[in-house]
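A structural walkthrough
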Amino acid sequence: MNDPIGDMLTRIRNSQLRGKSVVSTPASKLRAWVLDVLADEGYIRGYEKGTDVNGHPTLEISLKYYEGAPVIREIKRVSKPGRRVYMSVKDVPQVRQGLGVSIVSTSKGVMSDASARSQNVGGEVLCTVF
């Protein structure tokens, strides 16, 4: 697999289109950090670590719905393996005039765009969520 973050975002998108409450994805530290930001911003209920039938570590993501509609309306990968996108703190984009969130990988960890601005750090824009 070339793009583990893109794979996780696609699993979340597909599961929400099917109305699933839980989705499973292979575990990694970067995926867990991205899920921490999504949980802190209120886009998912949370996640738990587990193992699959072969003993490989997984992350069980609990999706969030509001009145039957998914809370995540749009989730899009920005920085891809073929084209990395790095931005300074002044260039980090606001999603939908601040209604959405950009997830940024910085030298101080993975954080939302608002946290990156408040800590005055830029980095790689992993994805945008609205």
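Note that this is a predicted model, so its numbers are computed, not measured. (Residues numbered from 1 in each chain as written. Predicted model: local features only at pLDDT ≥ 70, side-chain atom pairs only at ≥ 80, totals over all residues. Heavy atoms only, no water.)

Another point: unusual backbone geometry. Positioned with a positive phi, Glu67 is a non-glycine residue whose angle comes to about 50 degrees. Looking at where Glu67 falls in the secondary structure, it is placed in the loop between strand E4 (65–66) and strand E5 (69–70). You will see that Asn120, though not glycine, has its phi angle at about 60 degrees, which is positive. Given the relative accessible area of 55%, Asn120 is considered exposed. (Helix = DSSP H or I, 4+ residues; strand = E, 2+ residues; numbered from the N terminus. Buried < 20%, exposed > 50% of the residue type's maximum accessible area, 1.4 Å probe, protein only.)

The next point concerns the nonpolar core. Ranked by internal contacts, the top residues of the largest apolar core, which has 23 residues, are Ile12, Val34, Leu35, Leu38, Ile61, Ile103 and Val129. Going through the elements one at a time, helix H1 (4–18), helix H2 (29–40), strand E3 (57–63), strand E8 (101–106) and strand E10 (123–129) are the ones with two or more residues in this core. Looking at this core, the element that brings in the most residues is H2, giving five residues. (Core = buried A, V, L, I, M, F, W, Y, C linked by side-chain atoms within 4.5 Å.)

In short, the description is geometric, and any link to function would need to be established separately.
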